[in-house]
Amino acid sequence: MSSIILNKLGVSQADLNTLTQKGLADGVAGEFYFAQSTVLSVSISQGIIAQPYGAVSAGGALRRINNATADFVAFDGLNLANAENAVNRMTKVPAVQGKPVQLKLVGDENHASFYTQQAVLGSLTNTGFLTEAVELLKEIDSYGRSYDKRVINVGASLTVQDKHMLVQRFDGRFVEDTRPVVQLLVQVYLKGDDGTVEAGSESIGVPMVVTHTLKDTAAWHALVHSAVEQASNNLTAVEIKGGNDYEIVVGGGWGGVVLHEAYGHALEADFHRKGIAVFQDMLGQRVASKGVNIYDDGTVQDARGSYNFDDEGNPTGKNLLVEDGILVGLMTDEMSAAALNMKATGNGRRQTYSDVPMPRMTNTYMAPGKASLDDLISGVKKGLYVTQFGGGQVDITSGKFEFNATQARIIENGRLGAFVKGASLAGMGKKAYMHVKGVSDNFELSKIGNCGKDGQSVPVTVGQADTLFEAGAMSVGGTA
Amino acid sequence: MKKYHDICQKAVQQALKLGATDAQCNINLSSDKSLSVYKGESEGLEQRNELGATVTCYIGQKVGTFSVSDLSEASVDMAVNSALAFAQISPENPYEGLLDKNEVQNPTTADVQALDLLDNTNMTPDELYQGALAVEQAVYSHNGIISTRGCGLSQSRSTSIGYASNGVSYQDTASVFSASVEAIAADSKNKVTDYYHDSKRHLSDLEDLADIGHQAALKTVAKLNIVKMPFSGKLPVVLSPEIAGSLLLSKLAGCISGDAVFNQGSFVKKESLGQKLFGDNIQLVDNRTMVRGLGSSAMSGSGIIGPEQVAFVEDGVLQNLTYNVVTGRKLGLCPKHGRPKMYNAHFKPGKQTVVDLVSNVQKGLYVTDVMGHGFKPSRGDMSFTIGGYVIENGIITDDYVLEATLSGNLIEMLNNTTFAQDLKFKYGSNSPTALVEGVSIS
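1. Some words on the overall build of chain B
Stage number 1. Secondary structure assignment for chain B yields 10 helices and 18 strands.
Stage number 2. Relative to a compact globule of 442 residues, whose C-alpha radius of gyration would be 22 Å, chain B shows 24 Å and is just as compact.
Stage number 3. Overall size of chain B, expressed as C-alpha extent along the three principal axes, is 70 × 55 × 35 Å.
Stage number 4. Per-residue burial for chain B yields a buried fraction of 57% across its 442 residues.
Stage number 5. Taken together, the 37 basic and 47 acidic charged side chains of chain B have centroids lying 5 Å from each other.

2. Let's talk about the overall build of chain A
Stage number 1. Counting secondary structure elements, chain A contains 11 helices and 26 strands.
Stage number 2. Seen along its three principal axes, the alpha-carbon backbone of chain A occupies a region of about 70 × 55 × 35 Å.
Stage number 3. Counting the 480 residues in chain A, one finds 61% classified as buried.
Stage number 4. Of all intrachain contacts in chain A linking residues separated by at least 6 positions in sequence, the fraction that spans at least 24 positions is 75%.

3. Regarding the packing of aromatic side chains
Residue and element names in this part refer to chain A.
Stage number 1. Here the structure, examined in full by the defined rule, presents 16 aromatic pairs over all chains.
Stage number 2. Ring centres of Phe 32 and Phe 34 lie 4.6 Å apart, and the angle between their planes is 25 degrees; on these two criteria the pair is classed as stacked. You'll find Phe 32 and Phe 34 in the same group, each marked buried.
Stage number 3. Ring geometry for Tyr 263 against Phe 279: centres 5.1 Å apart, planes inclined by 15 degrees, an arrangement best described as stacked. Taken together, the residues Tyr 263 in helix H7 (residues 257-264) and Phe 279 in the loop between helix H8 (269-273) and strand E10 (294-297) connect sequence positions 16 residues apart.

4. A word on the nonpolar core
Soluble globular proteins: nonpolar side chains tend toward being buried together.
Stage number 1. Leu137(A), Ile140(A), Leu158(A), Val188(A), Ile27(B) and Phe66(B) are the most contacted members of the largest nonpolar core, which totals 53 residues.
Stage number 2. It is helix H4 (residues 127-147) of chain A that contributes the most residues to this core, 7 residues altogether.
Stage number 3. Judged by nonpolar contacts, the second largest core, of 52 residues, contains Ile396(A), Phe403(A), Phe469(A) and Met474(A).

5. Remarks on the domain arrangement of chain B
Residue and element names in this part refer to chain B.
Stage number 1. Parsing chain B into structural domains produces domain 1 (2-222) and domain 2 (227-442).
Stage number 2. Just the C-alpha atoms count here: the centres of domain 1 and domain 2 sit 25 Å apart.
Stage number 3. Between domain 1 and domain 2 lies a buried interface of about 2400 Å² when both sides are counted; carbon and sulfur atoms form 56% of it.
Stage number 4. Put simply, domain 1 and domain 2 have 4 salt bridges between them.
Stage number 5. Here Lys 426 and Asp 198 are joined by a salt bridge, their closest N and O atoms 3.0 Å apart.
Stage number 6. The tally of links between domain 1 and domain 2 comes to 15 residue pairs in polar contact (both at pLDDT 80 or more).
Stage number 7. Elements represented by at least two residues in the side of domain 1 that touches domain 2 include exactly helix H3 (109-114), strand E6 (191-200) and helix H5 (209-222).
Stage number 8. Considering every element that reaches the side of domain 1 that touches domain 2, the biggest residue donor is E6, with 6 residues.
Stage number 9. Residues belonging to the side of domain 1 that touches domain 2 are distributed by class as follows: 13 nonpolar, 8 polar and 11 charged.

6. What to know about the pattern of salt bridges
Stage number 1. Under the counting rule described, the total for this entry stands at 34 salt bridges over all chains.
Stage number 2. Each of Glu31(A), Arg63(A), Glu312(A) and Arg350(A) takes part in one network of salt bridges that share partners.

7. A look at H7(A)
Stage number 1. Counting buried residues in H7(A) gives 8 out of 8 residues, a clear majority hidden from the surface.
Stage number 2. Within H7(A) the residues assigned to the buried category are Val257(A), Val258(A), Leu259(A), His260(A), Glu261(A), Ala262(A), Tyr263(A) and Gly264(A).

8. Regarding H5(B)
What sets the pattern is the α-helix's 3.6 residues per turn: residues three or four places apart point alike.
Residue and element names in this part refer to chain B.
Stage number 1. Over its 14 residues, H5 extends 20 Å from the first C-alpha to the last, a length consistent with the 20 Å expected when each residue adds 1.5 Å.
Stage number 2. For H5, the full list of buried residues reads Ile 212, Gly 213, Ala 216, Ala 217 and Thr 220. Projected onto a plane normal to the axis of H5, the buried residues spread over an arc of 125 degrees and lie on a single side.
Stage number 3. Along its buried surface, H5 packs onto helix H4 (125-140), strand E4 (145-164), strand E5 (169-186) and E6.
Stage number 4. Capping the start of H5 is the job of one residue whose side-chain oxygen sits 3.2 Å from the backbone nitrogen of Ala 210: Asp 208.

9. Description of the interface of chain A and chain B
The accessible area lost on association of the parts is a frequent measure of interface size.
Stage number 1. With 75 residues of chain A in contact, the opposing surface of chain B contributes 61 residues.
Stage number 2. Summing both sides of the interface, chain A and chain B together bury roughly 5800 Å²; the carbon and sulfur share of this comes to 51%.
Stage number 3. One salt bridge connects Asp454(A) with Arg149(B), and the closest N-O pair in it is separated by 2.7 Å.
Stage number 4. Considered class by class, the residues forming the side of chain A that touches chain B number 33 nonpolar, 29 polar and 13 charged.

10. Brief notes about the sheet that holds strand E21 (residues 444-445) of chain A
Residue and element names in this part refer to chain A.
Stage number 1. What the 6 strands build is an open sheet, ordered E12-E11-E10-E15-E24-E21; its pairing is mixed. Edge positions in the open sheet fall to strand E12 (326-327) and E21, since each of these has one partner strand only.
Stage number 2. By the bridge criterion, 3 bridges tie E10 to strand E15 (residues 363-366) in an arrangement that is antiparallel. Looking at the pairing, Asp 296 lines up with Thr 364 of E15.

11. Comments concerning unusual backbone geometry
Residue and element names in this part refer to chain B.
Stage number 1. Phi angles above zero are rare outside glycine, and Asp 315 is one such case at about 50 degrees.
Stage number 2. The phi dihedral of Asn 393 is positive, around 50 degrees, even though this residue is not glycine.
Stage number 3. Here Asn 393 shows up in the loop between strand E15 (381-392) and strand E16 (395-409).

12. Quick notes on the side chain of His142(B)
All names here are of chain B.
Stage number 1. By secondary structure assignment, the location of His 142 is in the loop between H4 and E4.
Stage number 2. Judged by relative accessible area, which is 19%, His 142 ranks as buried.
Stage number 3. Excluding residues within four positions of it along the chain, His 142 makes contact with His 214, Ala 217 and Leu 218.

13. Quick look at the sheet that holds strand E11 (residues 317-318) of chain B
Pairing between sheet strands relies on hydrogen bonds along the backbone, with the strands arranged either parallel or antiparallel.
All names here are of chain B.
Stage number 1. The strand order across the open sheet formed by 4 strands is E11-E10-E9-E12, and the pairing between neighbours is antiparallel. With partners counted over all chains shown, the strands left at the sheet margins are E11 and strand E12 (345-347), one partner each.
Stage number 2. Two strands pair when backbone bridges link them, and strand E9 (residues 284-287) and strand E10 (residues 309-314) are joined in this way by 4 bridges, in the antiparallel orientation. Each bridged residue has a counterpart across the sheet, and for Val 285 the counterpart in E10 is Ala 311.
Stage number 3. Its contacts with the sheet put helix H6 (residues 241-255) on E9, E10 and E12, and the angle it makes with E12 is roughly 125 degrees.

14. Points about the side chain of Ser297(B)
All names here are of chain B.
Stage number 1. Relative to the helices and strands, Ser 297 resides in the loop between E9 and E10.
Stage number 2. Looking at Ser 297, its side chain comes within polar contact range of the main-chain oxygen of Met 299, at 2.8 Å.
Stage number 3. Excluding residues within four positions of it along the chain, Ser 297 makes contact with Leu 115, Arg 288, Thr 289 and Tyr 343.

15. Observations concerning the packing of helix H2 (residues 13-23) of chain A against helix H3 (residues 80-92) of chain A
All names here are of chain A.
Stage number 1. For the pair H2 and H3, the least separation of the axes is 8 Å and the interaxial angle reads 25 degrees. Relative to H3, the element H2 is oriented roughly parallel. Across from Leu 19, Lys 22 and Gly 23 in H2, the residues of H3 making contact are Leu 80, Ala 83, Glu 84, Val 87, Asn 88, Met 90 and Thr 91.
Stage number 2. Residues that form the contact of H2 with H3 fall into these classes: 5 nonpolar, 3 polar and 2 charged.

16. A closer look at the pairing of E9(B)
Residues and elements named next belong to chain B.
Stage number 1. Side-chain alternation along E9 places Leu 284 and Asp 286 on one buried face and Val 285 and Asn 287 on a second face that is also buried.
Stage number 2. As paired strands, E9 and E12 are joined by 3 bridges and run antiparallel to one another. Across the sheet, the residue bridging to Leu 284 is Phe 347, located in E12.

The rules behind the values
- Just so you know, the residues in each chain are numbered from 1, in the order the chain's sequence is written.
- The naming scheme follows written order: chains are lettered A onward, ligands numbered 1 onward.
- Residues qualify for local features only when their pLDDT is at least 70, as the model is predicted, and side-chain atom pairs are given and counted only at 80 or more; totals for whole chains, interfaces and linings, by contrast, use all residues.
- As a convention, hydrogens and water are excluded, and side-chain values are obtained from all of the structure's heavy atoms.
- Every helix listed is a DSSP run of H or I at least four residues long, and every strand listed is a run of E at least two residues long, numbered separately from the N terminus.
- For a compact globule the rule gives 2.2 Å times the number of residues to the power 0.38, and the radius of gyration it is set against comes from C-alpha atoms.
- The buried label goes to any residue with under 20% of its type's maximum accessible area, the exposed label to any with over 50%, and the partly exposed label to all in between, with areas taken from a 1.4 Å probe on protein chains only.
- Counted charges follow a simple rule, with Lys and Arg positive, Asp and Glu negative, and His plus the chain ends left uncounted.
- Just so you know, the charge point we use is NZ for Lys, CZ for Arg, CG for Asp and CD for Glu.
- Here, residues are in contact when the closest pair of their heavy atoms is within 4.5 Å.
- Each pair of aromatic rings taken from Phe, Tyr and Trp, with Trp reduced to its six-membered ring, is defined by centres within 6.5 Å and is described as stacked if the planes are under 30 degrees apart, edge-to-face if over 60, and tilted in the remaining cases.
- As used in this record, nonpolar core signifies buried Ala, Val, Leu, Ile, Met, Phe, Trp, Tyr and Cys residues forming a set joined through side-chain atoms within 4.5 Å.
- An automatic or database domain assignment is the source of the domain bounds shown.
- Accessible area that two parts lose when put together, with a 1.4 Å probe and added across both, is what the buried area reports.
- Salt bridges are defined by distance alone: a side-chain nitrogen of Lys or Arg within 4 Å of a carboxyl oxygen of Asp or Glu.
- Within 3.5 Å is the distance limit for a polar contact, defined as a pair of N or O atoms, with the added protein rule that one can donate a hydrogen and the other accept it, and that residues adjacent in sequence qualify only through two side-chain atoms.
- Three classes are used, and their members are as follows: Ala, Val, Leu, Ile, Met, Phe, Trp, Tyr, Cys and Pro are nonpolar, Asp, Glu, Lys and Arg are charged, and the others, Gly among them, are polar.
- Here the expected length of a helix is defined as 1.5 Å per residue gap, with one fewer gap than residues.
- The arc refers to the directions leading from the helix axis to the C-beta atoms.
- Being paired, for any two strands, means DSSP has found at least two bridges between them.
- In this analysis, axes come from line fits to C-alpha atoms, helices being fitted only over the stretch in contact, and the angle between any two N-to-C directions falls in the range 0 to 180 degrees.
- When an angle is under 35 degrees it counts as roughly parallel; over 145 it counts as roughly antiparallel; between 65 and 115 it counts as roughly perpendicular; any other value is oblique.

Given below as structure tokens:
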């Protein structure tokens, strides 16, 4: 494979290694990271195609690690002069005396590739793609309007990203990877009989070649149907009273976002390094009900959170975090792994070259159980079945988490009732999953997901099967 | 600076030569450095040089945009060619197009300088380290503090340069200095966190660094006294200035954005202009030219100087929406009078002190924290997880509620809000403390 990034820099891998060693001479670990990302995006709203947008952003960053100190020099513009300038700037920053570390890896350095090395975009000015994309968006717009007469506006956007990255590590390892992602978002606005407007949206964002999405009519039809259904449900939704006495069934797939917030973030090892996480010093202890198994797995085929190597150049792996309710693992980057004497789990990620890596989730999920959804719902006297969530958030120190439930139905005496509007779910991570009553067998991984932390956003997925929580595990915020 | 201006001009001329009827090029440059300290040690000096050039090409009312992250001739050429190729195949958009040549106004150098947004101080790594250390030492001087997520000091300087075929030409440079800390406190039962930061255009205006540490520590330690929510129902809440800014001001700003209105995603319609939507005492004002203001700008948009001050809500009556040239055309609003966003917005203060305002509340919550994304612009409904101190018999007590929920409706809330007199211009947009009646808390 010819390297796009080495070609741009105009150096061989050996030369780059020499330059990296020079820049990191006063360190004990670190890397020179480069990336080039090409994005094309086009959108429609009110039947009008908004201006098509394209961008190439390319650059690099040199990071020098000494114990808990990471000096960092980042630059836009992928060329050798900028790389050499970064090396010069780094050597002028006074260094802390570092203690060498022996990094242990979870994943296999030579593991299989999850992406082909094929670029999703043939050429940077791929007008053929854009012509097709504009046609697709117009089709989505007219299909959405004809699908339901109450639709007053359809918004849709298609974004294609082609990203190449290269890591030359201090320890000599050299890694290159490519990360193509296609994302299609559909949003519909429905006007009810009384004039109220409700929105519904659905999106898909997967690593794949762009032409697959453009030609998969069934896939985008499904997005429109789901968005319309959500908006329609919201039009008939009723208000409920909040309280702590609801049993909650969190739906499969996207419902895993509860897990992501309640557990995921608090198991990122940088928080543990500073002693501030809610699950601090709890390895080996019970943190969830028996039967709860939680994984973070960066190696799931075709999943949005998967990649071959993390942004420190370490291989990804399938990491068991909670086994039968017992906390058994954390997600680490190199610095937290070294500080906590743990393995590097391949979770050191960054949004762009100009961001510092930190422990981040990939595909985070709870393994399925054996019940059916009916089994779970039929036993519930007073509850909520929540299948779609708006943004969630967690305070990793107290463990407090919060979600907006955008699709939820009342459960009354074992039967599903009306849709609910404006409800939220809140709870404490340490408590909620200690009260799991049942897990169904219909496991699903989400097709979309972006996770934010310290201003950096990275693609992830979440997953689970339908999960029933006892009353009191979470509280419901109502609007009545 | 001339070098960048020349690159912009050359790109625009190249685009016109290749068949564009109009073109625009913007360059943004920034350099920043930051350093944080953890338990006395530097966590590292971070330095960034960022650069971007964006070219927009028009062929009549067809438009395409492309950005690149370096200014080599090959990259700028690629941006021009790609933007033009995009414009060629994109459908006609009846609202697109640059402002008419005769309407273009550019800010003068004096306009830019009058805002006083640039401080050329260049902090050394050691100055950054010593500053961050001063913040940290203040934090740890308080009992109960067990850790921080790092105490950081940063400085950044950014320049934007623009040139377009309709005569738009501008450049400005601004700086920001910031200090921030997230502190963690714990006792035998609880572990809590809170945050404090300050940002200023000039280093000399930054709050005292030790004070920043003390503020963060005091806010955090106070939260350890956790109680269960003692009541629920339709009760008054008093929102701290930060929370009033995020729950009232920024949510309202989102709903009066011209794009949201045009897309019918907001409860505000174009017809709402001139209508009384909120209480008599609601005044939302935006000042674009505040000296050293965090959001200040010498112009309202590309080629538009526009008014210095705009009242968006006056005595509860909606007077304006935010919109750029294109959105203005979509909504039939005069592009020259519009601004694409709020620059330094604030709610005008009321007459009472915070103590007086709270004294009216027999039972309620003083809200200091909010979490979640539970806001629906199409209805104004909101549902958030909140934290705050119990108010009893007109006094804010020491009892902190970590987890409560607030639900209400923005329109109703802004019909039942009383502001205190304590408006301060600390952030880009600011609100006084607000008493809001008629929301549900549990």
